[in-house]
Amino acid sequence: MTPFTEAVIQVIREIPKGKVMSYGQVAELAGNRRGARQVVRVLHTMSRKEGLPWHRVVNAKGEIRLPHGQGFEEQVAYLEAEGVEVSPEGRVDLSRYRA
C-alpha cells in the first residue's frame, strides 16, 4: 500500500458521523490536492476490506455520484441515519455538513 493510500484511508476514517468530505478534500488532506480520482479508486477497492465510512464522501458539489440501484439509495440511507439531510436529487449542503 502506498503512503498516499494509507493517508487517504486514515482521513476517511476520521470523518465524523454526520459530516461529509469531498473526494478532493480527502485527497488534499492526504497530501495530494490533485488526487481526487485516486480517492475514488481507494474507496472502490478498499472500503469493505478496511471498514471505511465510504458513505461520508461526496463530490465537490455535495452530490452522491453512485447510480440509482448501485449504491445511491444505500449511501442516502447511511447519511440520513447520521442526521445528514440529502435532497431527492442526492445533494448534501456542504456549508452545513462539510467536516
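Residues numbered from 1 in each chain as written. Predicted model: local features only at pLDDT ≥ 70, side-chain atom pairs only at ≥ 80, totals over all residues. Heavy atoms only, no water.

**Student:** I would appreciate a short explanation of helix H1 (residues 3-13) in the present structure.
**Tutor:** Quick reminder: α-helices carry 3.6 residues per turn. Residues three or four places apart thus point the same way. Among the residues making up H1, those that are buried are Phe4, Thr5, Val8, Ile9, Val11 and Ile12. Angular distribution of buried residues about the axis of H1 spans 165°; they occupy a single face of the element. Contacts from the buried residues of H1 go to strand S1 (21-22), helix H2 (23-29), helix H3 (36-50) and strand S2 (57-58). (Buried < 20%, exposed > 50% of the residue type's maximum accessible area, 1.4 Å probe, protein only. Helix = DSSP H or I, 4+ residues; strand = E, 2+ residues; numbered from the N terminus. Arc of directions from axis to C-beta. Contact = heavy atoms within 4.5 Å.)

**Student:** Would you explain the side chain of glutamine 75 in this entry?
**Tutor:** Here glutamine 75 is to be found in helix H4 (residues 72-81). For glutamine 75, the side chain forms a polar contact with the main-chain oxygen of histidine 55, separated by 3.0 Å. (Polar contact = N/O pair within 3.5 Å; in protein donor to acceptor, adjacent residues only side chain to side chain.)

**Student:** Looking at this model, I keep getting lost on the packing of H1 against H3. Mind explaining?
**Tutor:** In helix packing, the relevant descriptors are the interaxial angle and the interaxial distance, both defined with respect to the helix axes. The geometry of H1 relative to H3 is characterised by a closest axis approach of 10 Å and an angle of 70° between their N-to-C directions. By the angle between their axes, H1 is roughly perpendicular relative to H3. Seen from above, H1 lies across H3 with right-handed handedness. Residues Phe4, Thr5, Val8, Ile9, Ile12 and Arg13 of H1 pack against Gln38, Val39, Arg41, Val42, Leu43, Met46 and Glu50 of H3. For the contact of H1 with H3, the class distribution of residues is eight nonpolar, two polar and three charged. (Axes fitted to C-alpha atoms, helices over the stretch in contact; angles between N-to-C directions. Parallel < 35°, antiparallel > 145°, perpendicular 65-115°, else oblique. Left-handed = near helix turned anticlockwise from the far one by under 90°. Nonpolar A, V, L, I, M, F, W, Y, C, P; charged D, E, K, R; others polar.)

**Student:** Where do I start with the nonpolar core in this structure?
**Tutor:** When a protein is soluble and globular, its nonpolar side chains tend to lie buried together. In this structure, Phe4, Val8, Ile12, Val26, Val39, Leu43 and Val57 are the most contacted members of the largest nonpolar core, which totals 17 residues. Of all the secondary structure elements, the ones that give two or more residues to this core are H1, H2 and H3. Not counting chain neighbours up to four residues away, the residues in contact with isoleucine 12 comprise Val26, Leu43, Leu52, Pro53 and Val57. In terms of nonpolar packing, the next biggest core, distinct from the first, is built from eleven residues, Ile64, Val76, Val86 and Leu94 among them. (Core = buried A, V, L, I, M, F, W, Y, C linked by side-chain atoms within 4.5 Å.)

**Student:** Whenever I open this one, the pattern of salt bridges confuses me. Can you help?
**Tutor:** As a working rule, side chains carrying opposite charge can pair if their charged atoms are close by. Across all of its chains, the model carries five salt bridges by this definition. Note that arginine 56 and glutamate 82 form a salt bridge whose closest N and O atoms lie 2.7 Å from each other. Remark: glutamate 82 occurs in the loop between H4 and helix H5 (94-97) and arginine 56 occurs in the loop between H3 and S2; sequence separation between them is 26 residues. Classification of arginine 56 by relative accessible area gives buried; the value is 7%. Among the residues examined, glutamate 82 registers a relative accessible area of 22% and is labelled partly exposed. When the shortest N-O distance is used, the salt bridge between arginine 91 and glutamate 63 registers 2.5 Å. Note that arginine 91 is positioned in the loop between H4 and H5 and glutamate 63 in the loop between S2 and H4, a separation of 28 residues in sequence. Relative accessible area serves as the criterion here: at 41%, arginine 91 is assigned to the partly exposed category. Through salt bridges that share partners, Glu63, Arg65 and Arg91 make up one connected network. (Salt bridge = Lys/Arg side-chain N within 4 Å of Asp/Glu carboxyl O.)

**Student:** Teacher, can you tell me more about the layout of surface pockets here?
**Tutor:** Remark: the empty space left among the atoms is shown by a probe the size of a water molecule rolled over them. By volume, the largest pocket amounts to about 490 Å³. For the largest pocket, the lining is made up of 16 residues, of which Leu43, His44, Ser47, Trp54 and Leu66 are closest to its centre. Elements supplying a minimum of two residues to the lining of the largest pocket: H3 and H4. A per-class count over the lining of the largest pocket returns seven nonpolar, six polar and three charged. (1 Å grid on protein atoms, 1.4 Å probe; cavity = no way out; pocket = protein on both sides within 12 Å on 5 of 7 lines; lining within 4 Å. Points joined across faces, edges and corners; volume = space filled by probe spheres on them.)

So yeah, pure geometry; function would need other evidence.
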